[in-house]
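# Observations on the three-dimensional arrangement
Each chain is listed here by its residues.
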Amino acid sequence: MTVDIDKTTGPEGTPAAGPEAIKAIPVRHYGRYVSAVIAIAILISIIYAFGQGKINWHAVPDYFFDDRILTGVGKTLLLTVLSMLIGIVGGVLLAVMRLSKNPVTSSIAWFYIWFFRGTPVLVQLIIWFNLGLVFEYINLGPIYKDYWSSFMTPLLTALLGLGLNEAAYMAEICRAGLLSVDEGQTEASHALGMSHNNTLRRIVIPQAMRVIVPPTGNEVINMLKTTSLVSVVQYPELFRYAQDIGQTSGAPVEMLFLAAAWYLIMTSVLSIGQYYVERYYARGSSRSLPATPFQKIKANMLSLGRPKGGTA
């Protein structure tokens, strides 16, 4: 004889009490509170220290849109664009040479990358600038011949120093992007009768751009800041103009703050552009693209306007 026990009723047929509700107690992270207080205290101390310093803050807005500063901003952007063009074109060429099965071209590309990545860009700029002490003339035969000092202008020195150095870094970035594409893509395109150049241009490079674009954006931002080094070769850009104004106006530190503010503005704009470029090339790799900052702001504003418990 078996007895069925109804678990929903008590011993005398009364309803049994249900399971006791679990009360979740969140874990308290006291370390976060302590670190936040310490960080705020350090920030307040830094602000107070600069507030007590003998800094003429009025000089910053007075010269912020000075003609010389704006000229320096334009030359900085121009130098960044031209140097990155040299770096990207040279980097793609070097990456293809590095991946070539020809040992000569592969070795040349390896040596170039090893040399330019192994020496500081400041040293390279000074070497280009002082090559006139070694070569009196530049002689390209019937094409061009002139004194080295006349040929190697500050702009050309800056472009060679920054662009050739950047090509070494872009070569490794492009090589990593090309290697990220599955070899089956190349084999399939060759099976369809596509040549090596068409395969590289239509199949491999478009897929590699998703890997190449993010670090390239970082290199553009880094190049914008690295242009400040060309002041040592007498090329007038933002940093050089800020130094000159600081010496004549008696506010050298304030002009450095001004230059830093302009660099922050330009790098912020480039960072926004980098975000949208990365988002564009991520279309084929994710089902849903991440929301843009404007879309996030719009979504937050709409959520604030909805009643609690309501549906969208």
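This report concerns the structure included in the present document. Just so we're clear, the structure is a prediction, and the values are computed from it rather than from any experiment.

### Here's the deal with the packing of helix H9 (residues 196-226) against helix H11 (residues 252-281)
As a packed pair, H9 and H11 sit with axes 10 Å apart at the nearest point and diverge in direction by 175°. As far as their axial angle goes, H11 and H9 are roughly antiparallel. Contacts between H9 and H11 involve Met209, Arg210, Val213, Pro214, Gly217, Asn218, Val220, Ile221, Leu224 and Lys225 on the former and, on the latter, Tyr263, Met266, Thr267, Leu270, Ser271, Gln274, Val277, Glu278 and Tyr281. Residues that form the contact of H9 with H11 fall into these classes: eleven nonpolar, five polar and three charged.

### Looking at the side chain of glutamate 219
Residue placement: glutamate 219 occurs in helix H9. Buried charge glutamate 219 goes without a salt bridge, the closest partner of opposite sign being arginine 117 at 9.0 Å. Not counting residues within four places of it along the chain, the set of residues in contact with glutamate 219 comprises Met84, Glu166, Tyr169, Met170 and Ile173.

### So, the nonpolar core
Grouped together as the largest cluster of nonpolar side chains are 20 residues, with contacts concentrated most on Leu79, Leu162 and Val230. If you list the elements that add at least two residues to this core, you get helix H3 (67-99), helix H5 (121-129), helix H7 (154-179) and H9. Looking at this core element by element, the count peaks at seven residues for H7. Counting residues in each nonpolar core, the second largest holds 16 residues, with Ala251, Met255, Leu258 and Met266 among its members.

### Comments concerning the packing of aromatic side chains
Enumeration according to the criterion identifies twelve aromatic pairs in this entry. With centroids separated by 6.1 Å and ring planes inclined at 65°, the aromatic side chains of phenylalanine 50 and phenylalanine 257 adopt a geometry described as edge-to-face. Here phenylalanine 50 is found in helix H1 (residues 30-52), whereas its partner phenylalanine 257 is found in helix H11, with 207 residues between them in sequence. The partly exposed category is assigned to phenylalanine 50, whose relative accessible area is 39%. Take phenylalanine 257: its relative accessible area is 28%, and that puts it in the partly exposed class. Taken together, a centroid distance of 5.1 Å and an interplanar angle of 75° make the contact between phenylalanine 64 and phenylalanine 65 edge-to-face. Linked through ring pairs, Trp110, Phe111, Tyr112, Trp114, Phe115 and Phe116 together constitute an aromatic cluster. Over the ring of tyrosine 235 we find lysine 75; its NZ or CZ atom is 5.9 Å from the centre of that ring. A cation over a ring is seen here: lysine 145 above tyrosine 137, with NZ or CZ 5.8 Å from the ring centre.

Thresholds, definitions, all that
- Per chain, residues are indexed from 1 in the order of the written sequence.
- The model is predicted, so local features are restricted to residues of pLDDT at least 70 and side-chain atom pairs to those at 80 or more, both for listing and for counting; the totals for chains, interfaces and linings are taken over all residues.
- Hydrogen atoms and water are omitted, and side-chain values are computed over all heavy atoms in the structure.
- Angles run from 0 to 180 degrees between N-to-C directions of axes, and those axes are lines fitted to C-alpha atoms, restricted for helices to the stretch in contact.
- Each helix is a run of DSSP H or I of at least 4 residues and each strand a run of E of at least 2, with the numbering of both proceeding from the N terminus.
- Convention used here: angles under 35 degrees read as roughly parallel, angles over 145 as roughly antiparallel, angles from 65 to 115 as roughly perpendicular, and any remaining angle as oblique.
- By definition, residues are in contact when any of their heavy atoms lie within 4.5 Å.
- Amino acids are sorted into nonpolar (Ala, Val, Leu, Ile, Met, Phe, Trp, Tyr, Cys and Pro), charged (Asp, Glu, Lys and Arg) and polar (every other residue, Gly among them).
- Only protein chains enter the accessibility calculation, which uses a 1.4 Å probe. A residue is then buried if its area is under 20% of the maximum for its type, exposed if over 50%, and partly exposed in between.
- The positive count covers Lys and Arg only, the negative count covers Asp and Glu only, and His and the chain ends enter neither.
- The rule for a salt bridge is simple: a side-chain nitrogen of Lys or Arg has to be within 4 Å of a carboxyl oxygen of Asp or Glu.
- Here, nonpolar core means buried Ala, Val, Leu, Ile, Met, Phe, Trp, Tyr and Cys residues that are tied together by side-chain atoms lying within 4.5 Å of each other.
- Note on aromatic contacts: the rings of Phe and Tyr and the six-membered ring of Trp form a pair at centre separations within 6.5 Å, being stacked when their planes are under 30 degrees apart, edge-to-face when over 60 apart, and tilted otherwise.
- Here, a charge over a ring is recorded when the distance from Lys NZ or Arg CZ to the ring centre is within 6 Å and its angle to the ring normal is within 35 degrees.

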